[in-house]
Amino acid sequence: MPEGHTLHRLARLHQRRFAGAPVAVSSPQGRFAASAAAVDGQVLRRTSVWGKHLFHHYAGGPIVHVHLGLYGSFTEWERPPDAAMPAPVGQVRMRMVGAQYGTDLRGPTVCELIDDAQVSEVVARLGPDPLRRDADPAWAWTRISKSRRPIGALLMDQTVIAGVGNVYRSELLFRHGIDPHRVGRSITEAEFTAAWTDLVALMKVGLRRGKIFVVRPEHDCGAPSYLPDRPRTYVYRRAGERCRVCATTIRTAVLEGRNVFWCPSCQT
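What you see is a predicted model, and the numbers here were worked out from it, not measured in a lab.

Considerations on the domain arrangement of the chain
Line of reasoning, step 1. Domains assigned within the chain are domain 1 (4-125) and domain 2 (137-262).
Line of reasoning, step 2. With centres defined by C-alpha atoms, the gap from domain 1 to domain 2 works out at 30 Å.
Line of reasoning, step 3. Taken together, the contact pairs 9 residues of domain 1 with 15 residues of domain 2.
Line of reasoning, step 4. A buried area of about 850 Å², summed over both sides, lies between domain 1 and domain 2, and 62% of it is on carbon and sulfur atoms.
Line of reasoning, step 5. Together, His5, Arg9 and Lys52 form the three largest contributors to the area buried by domain 1 at its contact with domain 2, with a combined 58%.
Line of reasoning, step 6. Linking domain 1 with domain 2 are 0 salt bridges, by the criterion used here.
Line of reasoning, step 7. Of all the elements, helix 1 (residues 4-18) adds the most residues to the side of domain 1 that touches domain 2, at 5 residues.
Line of reasoning, step 8. When grouped by side-chain class, the residues that make up the side of domain 1 that touches domain 2 number 1 nonpolar, 4 polar and 4 charged.

Re helix 3 (residues 116-124)
Line of reasoning, step 1. When we look at burial in helix 3, the residues that qualify are Val119, Val122 and Val123. Along the long axis of helix 3, the arc covered by the buried residues comes to 95°, so they all point the same way.
Line of reasoning, step 2. Looking at the buried side of helix 3, the elements it contacts are strand 2 (44-50), strand 3 (53-58), strand 4 (63-67) and strand 8 (110-114).
Line of reasoning, step 3. At the N-terminal end of helix 3, a side-chain oxygen is found 3.2 Å from the backbone nitrogen of alanine 117, two or three residues along, and the residue is aspartate 115.

Here is what the cut-offs are and how they apply
- Residues numbered from 1 in each chain as written.
- Predicted model: local features only at pLDDT ≥ 70, side-chain atom pairs only at ≥ 80, totals over all residues.
- Heavy atoms only, no water.
- Domains from an automatic or database assignment.
- Contact = heavy atoms within 4.5 Å.
- Buried area = accessible area lost by both parts, 1.4 Å probe.
- Salt bridge = Lys/Arg side-chain N within 4 Å of Asp/Glu carboxyl O.
- Helix = DSSP H or I, 4+ residues; strand = E, 2+ residues; numbered from the N terminus.
- Nonpolar A, V, L, I, M, F, W, Y, C, P; charged D, E, K, R; others polar.
- Buried < 20%, exposed > 50% of the residue type's maximum accessible area, 1.4 Å probe, protein only.
- Arc of directions from axis to C-beta.
- Polar contact = N/O pair within 3.5 Å; in protein donor to acceptor, adjacent residues only side chain to side chain.

What follows is the structure, given as structure tokens:
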């Protein structure tokens, strides 16, 4: 599942490529056809993000709300002058076409037309987004400090912190020596403050570079990444391998329906 920095990158890209001009919107697949027709030819005013929720704000008030879920993705393409548009490939839920660029959305969990009040309802269900300037970490700390749930589960709960996925969750806890099974109320405020500050910095790197970079330079050697095209991680998807710091075997377990990874020596 794409994590929060990916949605913020998409929002910036779509703002740069489509905002301020009319956009042709269609639904080759047909499932979004009526809503696409309502914004087709309208000016895209701006884009915004909260956590893993992307919003396209059109002139006149309608807003397209997208949540990519596990399998959703945007495919970006360039539109040469006077060239025919490429035929849709696969199940394209929504196609946006501007003067020079186009993008195709496939497989989202949510693609719907809503209004400002409904955006507020979505946001009201979410915790602070570390990549937003208005993020209030005190909200997250209050929820965590009172909870008996494991911190590894709380970090993935979008009502506690919006935008954190499995990679950031596992890697952040390793970087701060916290076992994912520790209950939220056992986390000290100092631990939370340090982790939040680090999370903001890490997600900003992800936003800038387009990939998650979490391994410190002094540890970025030896074992390769879990996939050839991905940056190295400390624990994520490295179960059974040696810890980059202490050489202990990395462990994994299912925590509230999702696999979590940790080093039993470095994380206590």
